[in-house]
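Summary of the model geometry
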Amino acid sequence: MMKTLRFLHLWVGLILGLPLLALGLSGTALVIEPELRAVFTPSVPASPADAAPRSVAEVVDAAAAVAPAGAKPASYAAPSAPGGIATVRFQAPRRTPQGGEHAHSQGGPRPQGGGMPGISVHIDPVTLAVVSTPGLDATIGWIHRLHGNLLIQDRSGRDLVGYLGVIMTALGVTGLVLWWPRPGQWRQSFIVRKAAKGARFHRELHGAAGIWGLAVFLVVSVTGVAIAFPQSIAAGVGAVLPMAAQTQGFAVPKVTPRDSVDPAGVDEAVAIALAASPRPGLALRGASLPQSPDQAIRVVLAPLGGDAPSAVTLMVDPWARQVVEVRDPSTQAAGNKVTGWMRPLHEGEGLGPVYRVLVALSGLLPTLFAITGTSMWWIKRRNRKAGAARAAAILQSAAE
């Protein structure tokens, strides 16, 4: 069994090393995206301390004025801290087979790593000044698509990433089995000895890095699978834990348009959500912008500085002007809490800055494993060839 596991672990890692490496490095880049934006986003003139931010609709209109023609606003993200920048995300128009253009029409914010191309416009919510970072936005958008679907535009890309997550989980489990030390060798299995060289050095580094990072590596891999296959995971969780029916993930429920009334705008929807907030002290974190008349408006409220697991989501029917669904993590059934934690855990949120750093570092592990695993294989292969050549030379010398 160990020989078979070693064979599978080696060759699956060698064959799929590049896509796994791409997922890991892109994941690290996305975890530290706020820091990347802070470094590369140009500064804007400071607003007066007593200046109030503009309404969501005004910010969206300011962003739409500079967005490409045909791009439709899909979501609004509030500044993460006072004095910060708001972001309006647009669904980019796509060309039809006849050469025309149309905007993608699935409502609500696109999950991180979504397959559709998107455009983000950053706005100072007080002055409505546009903060332009076109190069950074293009790069981060490309990284999102690489991590979410390996740049494959249809659903097969997301499925492929999910299957790679399953493989990463299997590599982590088989790696643990192969690493498991013999009696009396436990201490050495957690370190890389100074005297280690060649294949021994790569083997010890491979094992030590794997065991120290295994827990977070497995959490990120399993939650990645859950994000790729949310319905399957929700069904599995619901089979063992109580779980209430609700709209899954970033989707929004359908509503019924009314001919006799005008729908509420995003500002009115936000006001309705704030009035219906299940807890005091919550502020606007973000909102979806409906892409069709039969979609609710998704409003996310959270404590200032709070992570995603503390956020409350309210679905507002713009025609009936009422909240039709509330997702409050503190009152959800156990199964809903489990599925609700999948994306925050995958993205490094909810457990403090140390966990976020560990998630970012876990994205570097596939690169380390690829380098050390390939090096071990290559050194052993070279040594075997050298040994066979020496044996052949000895046999030839003896024959002479």
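Below, the structure is looked at part by part. None of these values were measured; they are calculated from a predicted model.

Attention now moves to the packing of aromatic side chains. Scanning all chains against the criterion turns up nine aromatic pairs. With a centroid separation of 5.0 Å and an interplanar angle of 85 degrees, the aromatic rings of W180 and W186 are classed as edge-to-face. Residue class for W180 comes out exposed when judged on its relative accessible area of 53%. Consider the rings of F217 and F369, whose centres lie 6.0 Å apart with planes at 80 degrees: the pair is edge-to-face. Of this pair, F217 sits in helix α7 (residues 198-228) while F369 sits in helix α13 (residues 365-399), and the two are 152 residues apart along the sequence.

What follows is about the environment of D294. Secondary-structure assignment places D294 in the loop between β7 (283-288) and β8 (297-302). Taking the C-alpha atoms as reference points, D294 and K254, separated by 40 residues in sequence, lie 5.4 Å from one another. Those residues in contact with D294, other than ones at most four positions away along the chain, are P253, K254, V255 and P257.

Glancing now at a positive patch on the surface. A cluster of basic residues, R6, R200, R203, K380 and R384, forms a positive patch at the surface. Every element with two or more residues in the positive patch is listed here: α7 and α13. With respect to the helices and strands, K380 occurs in helix α13. Taking relative accessible area as the criterion, K380 reaches 39% and is therefore assigned partly exposed.

Here we take up the pattern of salt bridges. In this structure the tally under the stated criterion is eleven salt bridges. Between K254 and D294 there is a salt bridge whose closest N-O contact spans 3.6 Å. Here K254, found in the loop between α8 (230-240) and α9 (266-275), pairs with D294, found in the loop between β7 and β8; they are 40 residues apart in sequence, far enough to count as distant. By relative accessible area, K254 is classed as exposed at 59%. The exposure class of D294 is partly exposed, given its relative accessible area of 25%. Between E325 and R327 there is a salt bridge whose closest N-O contact spans 3.0 Å. Considered together, E325 and R327 belong to a single accessibility category, that of buried residues.

Moving on, we get to the packing of helix α2 (residues 17-31) against helix α3 (residues 33-40). The N-to-C vectors of α2 and α3 enclose an angle of 65 degrees; their axes lie 4 Å apart at closest approach. Seen from α2, the contacting residues are A29, L30 and V31; seen from α3, they are E33, P34, E35 and L36. Looking at the contact of α2 with α3, its residues break down into five nonpolar, no polar and two charged.

Another aspect to go through is the environment of W186. Counting through the fold element by element, W186 comes out in the loop between α6 (155-179) and α7. For W186, a relative accessible area of 36% gives the class partly exposed. Ignoring sequence-local partners within four residues, the contact set of W186 consists of W179, W180 and P181.

Right, let's talk about the packing of helix α1 (residues 2-15) against α6 for a bit. Running from N to C, α1 and α6 point in directions that differ by 140 degrees, and their axes come no closer than 10 Å. With respect to α6, the element α1 is oriented oblique. Handedness of the crossing formed by α1 with α6: left-handed. Contacts from M2, L5, R6, H9, V12 and G13 in α1 reach I167, L171, T174, G175, V177 and L178 in α6. The residue inventory of the contact of α1 with α6, partitioned by class, reads seven nonpolar, four polar and one charged.

What follows concerns the pairing of β7. Pairing analysis gives three bridges linking strand β1 (residues 72-77) to β7, with the strands arranged antiparallel. Within β7, the residue paired with S75 across the bridge is S288. Of the strand pairs in this sheet, β7 and β8 are connected by four bridges, and their pairing is antiparallel. Paired with L284 across the bridge in β8 is L301.

In this structure, Y76, V88, F90 and V299 are the most contacted members of the largest nonpolar core, which totals 28 residues. Of all the secondary-structure elements, those providing two or more residues to this core are α4 (56-64), β2 (86-91), β5 (118-123), α9, β8 and β9 (312-317). Every residue in contact with V299, bar those within four places of it in the chain, is listed here: A269, V270, A273, L284, G286, A287, V312, T313, L314 and V316. The next biggest cluster of nonpolar side chains, apart from the first, holds twelve residues, and it includes L23, V161, A209 and F217.

Taken together, the side chains of L25, V354, V357, L358, L361 and L364 define a hydrophobic patch exposed on the protein surface, amounting to about 510 Å² of accessible area. It is helix α12 (residues 352-362) that provides the largest number of residues to the nonpolar patch, a total of four residues. In this structure, V357 sits in helix α12.

The rules behind each value
Residues numbered from 1 in each chain as written. Predicted model: local features only at pLDDT ≥ 70, side-chain atom pairs only at ≥ 80, totals over all residues. Heavy atoms only, no water. Phe/Tyr/Trp six-rings, centres within 6.5 Å; stacked < 30°, edge-to-face > 60°. Buried < 20%, exposed > 50% of the residue type's maximum accessible area, 1.4 Å probe, protein only. Helix = DSSP H or I, 4+ residues; strand = E, 2+ residues; numbered from the N terminus. Contact = heavy atoms within 4.5 Å. Patch = residues over 30% accessible without salt bridge, like charges linked within 9 Å, V, L, I, M, F, W, Y side chains within 5 Å. Areas by Shrake-Rupley, 256 points an atom, 1.4 Å probe, with all protein chains shown as cover. Salt bridge = Lys/Arg side-chain N within 4 Å of Asp/Glu carboxyl O. Lys, Arg positive; Asp, Glu negative; His and termini not counted. Charge placed at Lys NZ, Arg CZ, Asp CG, Glu CD. Axes fitted to C-alpha atoms, helices over the stretch in contact; angles between N-to-C directions. Nonpolar A, V, L, I, M, F, W, Y, C, P; charged D, E, K, R; others polar. Parallel < 35°, antiparallel > 145°, perpendicular 65-115°, else oblique. Left-handed = near helix turned anticlockwise from the far one by under 90°. Pairing = 2+ DSSP bridges. Core = buried A, V, L, I, M, F, W, Y, C linked by side-chain atoms within 4.5 Å.

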